[in-house]
Amino acid sequence: MEILNNWISGINDLLWSYVLIIMLLGCAFRFTFKTRFVQFRMFREMIRVLGDSANKAHEGEKHISSFQAFAVSLASRVGTGNLAGVATAIAVGGPGAVFWMWIIAFFGMATIYAEAVLAQETRRVAEAGSVSGGPVYYIKRAFPGRFGTFLAGFFAVALILALGFMGCMVQSNSIGECFQTAFGIPSWIVGVALVIICGIIFLGGVQRLAAVTEKIVPIMAAIFLLGGLVILIFRIRYVPATFGMIFKYAFEPQAIVGGSFGYAIKQAISQGAKRGLFSNEAGMGSAPNAAATADVSHPAKQGLVQMLSVFIDTLLICSATAFMCLCSGVVPTPEAAGAAYVQASVQQSLGSFGPIFIAVSMCLFAFTTLIGNYYYCEGCLKYILKRDPSK
């Protein structure tokens, strides 16, 4: 078992620390320059398009509105990684990891724009009006024949395993632990309640799922960002120094991380990149499954909406977590890393209410991720079972 574990760890380190980061960043840079920095040029348009799309879905329609697609994608993006993941990145890569997380998110916005546009252009609509789309369809268009069919099928299976099984297990376990720690409720009771609630939502079909996410996600994000703003007001005198640390240790991280300059820089960049890419999912191929089913007048509009979800996920929510931690003065330790580090940091400002606030936030983040992951997996499962529209 030890040999197998070492073998898997070696492959994981090679793929996650080098291959995937290089490939995803390469795509992000290409799309950024190809679109002439669409994430900067069209920022105001992102907000306008999202506002225009709100409340445009009607009962009985087979598609979802652009705003609902935005809510579903944000539901999946915003998970425990926005709290525990960011805290771990700071603990391992130092404050400079936050800077590199911002850079990754900025360029990743162009990647998700391209993904959403491709999903819209290659989607299929059945005679009954139901819509299917996502990476499986534009993979097959890019690679006609058996090779494309194999790649599309492999992607569908991999996404179901990654999000539907491993991803959902992580999120549901986080909810159970949070309730047990904060409220003393046994995790198995929380698990049963979670199955019942999610079952009611899933059995209602795509319309009920989209309706739930469009109501929960904005409230969830607003509560967390408002809490973060309150904490920053309490710790306002530390904010300038925190900005200084983020920029200073982005290029001189060895004082925090330790080791040689090259090792410290590698840790800061890799941790920031991992948090950014894992959190906003730009290039992962998950969000296009929701983007494809959105009802928009032009594919580019859904691309703009999806860019905004990356902005909110990483540049707002992840940054809020980072500032909560860095402004607190709490130093992460092996015993207090990840979620424990966030809770200890927030407790400095909110007292005994701090851990409860983080526990509730983490539960909401994890719950909405479960819903979003189900939506993505359902689309891939329909493709595997050949229940997709023929047109």
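The structure we're discussing is the one just above.
What counts and how
Residues numbered from 1 in each chain as written. Predicted model: local features only at pLDDT ≥ 70, side-chain atom pairs only at ≥ 80, totals over all residues. Heavy atoms only, no water. Helix = DSSP H or I, 4+ residues; strand = E, 2+ residues; numbered from the N terminus. Rg over C-alpha atoms; globule rule 2.2 N^0.38 Å. Buried < 20%, exposed > 50% of the residue type's maximum accessible area, 1.4 Å probe, protein only. Contact = heavy atoms within 4.5 Å. Axes fitted to C-alpha atoms, helices over the stretch in contact; angles between N-to-C directions. Parallel < 35°, antiparallel > 145°, perpendicular 65-115°, else oblique. Nonpolar A, V, L, I, M, F, W, Y, C, P; charged D, E, K, R; others polar. Salt bridge = Lys/Arg side-chain N within 4 Å of Asp/Glu carboxyl O. Disulfide = S-S within 2.5 Å.

The next point concerns the overall build of the chain. For the chain, the helix and strand inventory stands at 17 helices and 4 strands. Radius of gyration (C-alpha) of the chain: 21 Å, near the 21 Å computed for a compact globule of 391 residues. C-alpha atoms of the chain, sized along the principal axes, occupy 60 × 50 × 45 Å. Out of the 391 residues in the chain, the part that is buried amounts to 50%. Here the contacts in the chain between residues at least 6 apart in sequence split such that 79% fall between residues at least 24 apart.

When two helices pack together, you describe them by how their axes are tilted relative to each other and by the distance separating the axes. One way to put it is that helix H9 (residues 187-203) packs onto helix H10 (residues 205-234) with a least axis distance of 6 Å and a crossing angle of 120°. What the angle tells us is that H9 and H10 run oblique. Along the contact surface, H9 presents Ile200, Ile201, Phe202 and Leu203, while H10 presents Gly205, Arg208, Leu209 and Val212. Tallied by class, residues from the contact of H9 with H10 come to 6 nonpolar, 1 polar and 1 charged.

Tallied over the entire structure, the rule returns 2 salt bridges. In this structure, the salt-bridge partner of Glu45 is Arg48, at a minimum N-O distance of 2.5 Å. With Glu45 and Arg48 both in helix H3 (residues 43-53), this residue pair falls 3 residues apart, about one helical turn. We classify Glu45 as partly exposed; its relative accessible area is 25%. Measuring nitrogen to oxygen at the nearest pair gives 4.0 Å for the salt bridge that ties Lys215 to Glu214. Looking at Glu214, the relative accessible area reads 17%, which means it is buried.

Overall, the coordinates contain 0 disulfides when judged by the stated rule. Of the cysteine sulfurs around Cys198, a residue in no disulfide, the closest is that of Cys168, at 8.1 Å. By relative accessible area, Cys198 is classed as buried at 8%.

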